[in-house]
Amino acid sequence: MRLSNTIAAVVIILTTSIIATSTAFAAEVNIHADGTMSNTATTSTWPDKILKGMSGEEAQKEIKNVDPSLETHVLPEDAIVTEDYREDRVRIFVDTQGKVVNQPQKG
């Protein structure tokens, strides 16, 4: 009986944590009809700010404003790239209209 109460308490805590995290994320992001996302928080910066949906050049400027030492590359979403990981590099993948398709990250 005691073990089942403990398991139930853990499940409740985990569920509450997941709901709180989901709610916090939803409060900061707008998902538009075309599938793009944008931040509702005006003070956030990359990497917290969602860059998906903006132009590759705008995303590149946002990233450089945060850390000018980063090497940034705007690439087509189907570009073939090396698989090495580099903390000083950010690849920005864009669609045929030049819009960012995935949230850029270091690597």
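Reference entry: report on the structure contained in this document.

Rules of the game
- Per chain, the residues get numbers from 1 upward, laid out in the order the sequence is written.
- Note on the predicted model: pLDDT of at least 70 is required for a residue's local features to be given, and 80 or more for side-chain atom pairs to be given and counted; whole-chain, interface and lining totals, by contrast, use all residues.
- As a convention, hydrogens and water are excluded, and side-chain values are obtained from all of the structure's heavy atoms.
- To qualify as a helix, a DSSP run of H or I must reach at least 4 residues; to qualify as a strand, a run of E must reach at least 2; elements of each kind are numbered from the N terminus.
- Each residue's exposure class comes from its accessible area (1.4 Å probe, protein chains only) as a fraction of the maximum for that residue type: buried when under 20%, exposed when over 50%, partly exposed otherwise.
- Residues count as neighbours in contact if any of their non-hydrogen atoms are within 4.5 Å of one another.
- Note that accessible areas follow from Shrake-Rupley with a 1.4 Å probe, and for residues the cover is restricted to the protein chains shown.
- We define a salt bridge as a side-chain nitrogen of Lys or Arg found within 4 Å of a carboxyl oxygen belonging to Asp or Glu.
- Any two strands with at least two DSSP-identified bridges between them are counted as paired.
- Each polar contact in these results corresponds to two N or O atoms within 3.5 Å; when the atoms are within protein, one needs to be able to donate a hydrogen and the other to accept it, and residues that are neighboring in sequence are counted only if both atoms are side-chain atoms.
- Residue types Ala, Val, Leu, Ile, Met, Phe, Trp, Tyr and Cys, when buried and joined through side-chain atoms within 4.5 Å, form a set referred to as a nonpolar core.

Some words on the overall build of the chain
Thinking step 1. On a plain count of helices and strands, the chain comes out with two helices and four strands.
Thinking step 2. The order of α-helices and β-strands along the chain, N terminus first, is α-β-β-α-β-β.
Thinking step 3. A buried classification covers 22% of the 107 residues belonging to the chain.
Thinking step 4. Nonlocal contacts in the chain, meaning residues at least 24 apart in sequence, comprise 27% of its contacts between residues at least 6 apart.
Thinking step 5. Accessible surface for the chain amounts to roughly 7,600 Å². Of this, 59% is attributable to carbon and sulfur atoms.

Structural notes on the pattern of salt bridges
Thinking step 1. Counted by the stated rule, this structure contains five salt bridges.
Thinking step 2. A salt bridge links Asp84 to Arg89; the nearest nitrogen and oxygen atoms lie 3.5 Å apart.
Thinking step 3. Using a relative accessible area of 37% as the deciding quantity, one classes Asp84 as partly exposed.
Thinking step 4. A residue is classified by how much of its surface remains accessible, and Arg89, at 3% relative accessible area, is buried.
Thinking step 5. For Arg86, the salt bridge is made with Asp88, and the minimal N-O distance between the two is 3.1 Å.
Thinking step 6. Among the residues examined, Arg86 registers a relative accessible area of 27% and is labelled partly exposed.
Thinking step 7. Asp88 gets classed as partly exposed once you look at its relative accessible area, which sits at 36%.

Here's the deal with the pairing of strand S4 (residues 89-94)
Thinking step 1. Among the six residues in S4, six count as buried, and that is most of the element.
Thinking step 2. The alternating pattern of S4 places Arg89, Arg91 and Phe93 on one face and Val90, Ile92 and Val94 on the opposite face, and all of these are buried.
Thinking step 3. Bridging between strand S3 (residues 71-76) and S4 involves six bridges; their strand directions are parallel. Directly across from Thr72, in S4, lies its bridge partner Val90.

Describing the side chain of Arg89
Thinking step 1. Inspection of the secondary structure assignment puts Arg89 in strand S4.
Thinking step 2. One polar contact links the side chain of Arg89 to the main-chain carbonyl oxygen of Gly107, over a distance of 2.5 Å.
Thinking step 3. In contact with Arg89, not counting residues within four places along its chain, are Leu70, Glu71, His73, Thr82, Asp84, Gln105, Lys106 and Gly107.

Thoughts on the environment of Ile50
Thinking step 1. Inspection of the secondary structure assignment puts Ile50 in the loop between strand S2 (37-39) and helix H2 (56-66).
Thinking step 2. What makes Ile50 buried here is its relative accessible area of 13%.

Side note on the nonpolar core
Thinking step 1. Counting residues in each nonpolar core, the largest one holds ten residues, listed as Trp46, Leu51, Met54, Ala59, Ile63, Leu70, Val90, Ile92, Val94 and Val100.
Thinking step 2. At the level of elements, H2 and S4 are the ones that each hand at least two residues to this core.
Thinking step 3. Not counting residues up to four positions away in its chain, the partners in contact with Leu51 are Trp46, Ala59, Glu62, Ile63, Val100, Gln103 and Pro104.

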